[in-house]
Amino acid sequence: MDQLFDVSLFASTLRMVTPILLAALGGALCSRVGLFNVGLEGLILIGAFAAIVGNHLTGNVWLAVLFAIVCVSVFSALMAYMSIHLKANIIVVGISLNFLAAGLTTFSLRAIFNVKGAFYDKDMVGLPKWDIPLIKDIPWLGDVISGHSPLVYLSIVLVFVLQYYLFKTVSGFRLLAAGENPTAAKSLGIKVTRIQYGAILMCGVLCALAGAQLSLGQVTMFTEGMTAGRGFIALVATMLGQSSPLGVLGSSMLFGLMDALSTRLQGFSVPVHFTMMLPYLVTIVAMFFFKDKSYMQEARKANESSR
Amino acid sequence: MDNLKNTARALLQPLLAIIVGLIAGAIAIAVVGGSIFETYGEMWKGAFGSFYFFTNTLSRATPIILIGLGVALAFRAGFFNMGSEGQMVLGALSAAVTAIYLPGPGWLKLIAALVAGIVAGGLWSALAGWLDAKFRMNLLITTLLLNYVAVLFAGYIVSYPLKDKSGSAAMAQTVMIDKAAWLPKLFPGMSLHAGFILAAAGAILLALFMRHTVGGYEVRMLGGNPLFAGYGGVKRGQMMIYSMLASGGFAGLAGAGEVLGTQYRYLDNALTAPSYAWSGIMATLLAGSNPLGTALAAILLAALQTGGMGVERNTNVPLEVSSIIQAVLILFISARFTYSYFKKKKKKAGASNGPAV
């Protein structure tokens, strides 16, 4: 047990949790304005790929992240246009966006890098590791908290920023109103569709960061379908966290820990199939115990009015 | 007259989507520097160029049709069953295990294996339906997560307890099924097997069920207007479990058909790598959950995929170009562009033309 729950497990939890947390925050924003975004998976995948392409083209990590944000924004704008403007069922749009992301990334992998399956270049530089002064020198805590990519810290900061924004500012209050009761909000002069567009675009930016952390923060490579369901786990994290940033932080931490644990257990004599199953099983069990009624009804409404 | 207009409109949507998909594909081909017409020519040849390629396309379409039908049934009832992959894999594994270990004559093994596939896929799917109906756990997400569990579980079974140790190759697979229990090939030397007949029959039966039976009416009512269906005495929870059971049964049959007709064993990744399940879901979306339309859309998607292989063989364009065409097709069709276009036109012409659609 001591071998399992050591410093590096918790350090890798923080690393693993970042993509899930960032995407889940985006999902929370969308669900707060009444949109059930199942396209998180696809948006992260595009972000991860675009970050690698940007890195390959410019050789600069920050430009790469920016490139990822731009690329994903295009797709989230497309998603917003289809679901808000053309009134397509957002679940169907999300699902097809996931298909598009999978198809586009595998195609571009062949077209740009002329490789199949995965792209790795040893000259590429990943996101830098930041050592935090003072905290770095605290014995156990320093090893866990210090030495991560900037996106890891950014994601934690964003949690509090969003929490403050949603519940303490006027603009955040309007956003909540737009989701809670669009008709009433409209009658007050709140521009509901504009807020919805904003939420989806912001969600796109967050997913781009999640993708960049996935492909540049952990391994500096891109593999076909490297999101491996993280977008959907993020969706569950959104639900369990009741779409509030602090709640999302808590639920994402749980899944991050499971992700790290599953990688960690591979070193022990457990068949790899079962260790890989762990995050998904825990997610299902977590869904059983924690339910957000209001949010579920939101999703259900979207589910039922589909066809 | 109105009827004619409606059919024309219903056909216009998929046709436009196909054209837009092909344009997107053309852009992708141009980007990688291929010749657009040559590439599409090769794609056509790869899918329908000869009798061999044509049957090859149909054989690839077989599991896609069956999965699409299952998903269409669930979609019609208003349930997003995203778990076809896991249901198919468990169906395939159960079919293989039944055919290998059940004693008896070949035909008995074959039928028992098909039934086992349907039951396994159906139960796995009904589990998700039950979790939603009983505990209000979102179906869309549980089905997705259960995919990973099912695929990994099947992978474990064929890597450890039931691994074929006779051959020298270290593949994760079961031993071969007895030849007497194979699904017969329809033409000698071609890959098309009797599973295609099952799929075609399934499409027709499901279409009849949806249109002419009480159960089919209840399914459509529940999907169309859940409140109204509730007043009409349709029990949503019960319906959810039954329609998911049937939906998963189709996916399980798809897996069983592949094992008994193509692979003759359960080979890890053989069903997930060609992403039959996701193609099936795409076919359903493309056809708006119409059973016969789903079957046609499945053949179209299979043709794009086998055509893509032809492109890969004979040109420098990667076969992934077909996945772009497929994705754009789906994205375009989900927005119902033509519909909103018609609506706008109507508004301009004055709203006195009677009800739309």
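Since the structure is predicted, the reported quantities are computational estimates derived from the model, not experimental observations.

### Let's talk about helix α8 (residues 214–224) of chain B
All names here are of chain B.
So, point 1. Of all the positions in α8, only V219, L222 and G223 are classed as buried. One side of α8 carries all its buried residues, which in axial view fall inside an arc of 95 degrees.
So, point 2. Taken together, the buried residues of α8 touch α3 (51–76), α7 (195–212), α9 (226–231) and α10 (236–263).

### Some points on the packing of α3 of chain B against α10 of chain B
The geometry of a pair of packed helices is captured by two quantities: the angle between their axes and the separation between those axes.
All names here are of chain B.
So, point 1. The N-to-C vectors of α3 and α10 enclose an angle of 175 degrees; their axes lie 8 Å apart at closest approach. In terms of their interaxial angle, α3 and α10 are classed as roughly antiparallel. Along the contact surface, α3 presents T62, P63, L66, I67, L69, G70, V71, L73 and A74, while α10 presents S243, M244, A246, S247, G248, G249, F250, A251, L253, A254, G257 and E258.
So, point 2. Among the residues making up the contact of α3 with α10, the classes are represented as 13 nonpolar, seven polar and one charged.

### With respect to the interface of chain B and chain A
So, point 1. Between chain B and chain A, the contact holds 45 residues from the first and 41 residues from the second.
So, point 2. Top element by residues in the side of chain B that touches chain A is helix α6 (residues 139–159) of chain B. It accounts for twelve residues.
So, point 3. Along the lines of polarity and charge, the residues of the side of chain B that touches chain A split into 30 nonpolar, eleven polar and four charged.

### A word on the domain arrangement of chain B
All names here are of chain B.
So, point 1. Splitting chain B by domain gives domain 1 (1–34 + 317–340) and domain 2 (50–315).
So, point 2. Domain 1 and domain 2 are separated by 26 Å when their C-alpha centres are compared.
So, point 3. If you look at the interface, domain 1 gives 13 residues, while domain 2 gives twelve residues.
So, point 4. It is helix α13 (residues 321–335) that provides the largest number of residues to the side of domain 1 that touches domain 2, a total of eight residues.

### Some remarks on the confidence of the model for chain B
All names here are of chain B.
So, point 1. The predicted model of chain B has a mean per-residue pLDDT of 84, with 90% of residues at 70 or higher.
So, point 2. For chain B, the element scoring lowest by mean pLDDT is helix α14 (residues 337–349), at 49; helix α4 (residues 84–101) scores highest, at 93.
So, point 3. Predicted confidence is poor over residues 346–357, with pLDDT under 50, and the contacts of this stretch with residues over four places away or in other chains come to three contacts.
So, point 4. Taken over the whole predicted complex, pTM reads 0.84, whereas the ipTM for its chain interfaces reads 0.81.

Definitions and cut-offs
Residues numbered from 1 in each chain as written. Chains lettered and ligands numbered in written order. Predicted model: local features only at pLDDT ≥ 70, side-chain atom pairs only at ≥ 80, totals over all residues. Buried ≥ 20, exposed ≤ 12 C-beta atoms within 10 Å, placed from the backbone. Helix = DSSP H or I, 4+ residues; strand = E, 2+ residues; numbered from the N terminus. Arc of directions from axis to C-beta. Contact = placed C-beta atoms within 7 Å. Axes fitted to C-alpha atoms, helices over the stretch in contact; angles between N-to-C directions. Parallel < 35°, antiparallel > 145°, perpendicular 65-115°, else oblique. Nonpolar A, V, L, I, M, F, W, Y, C, P; charged D, E, K, R; others polar. Domains from an automatic or database assignment. pLDDT = per-residue confidence, 0-100.

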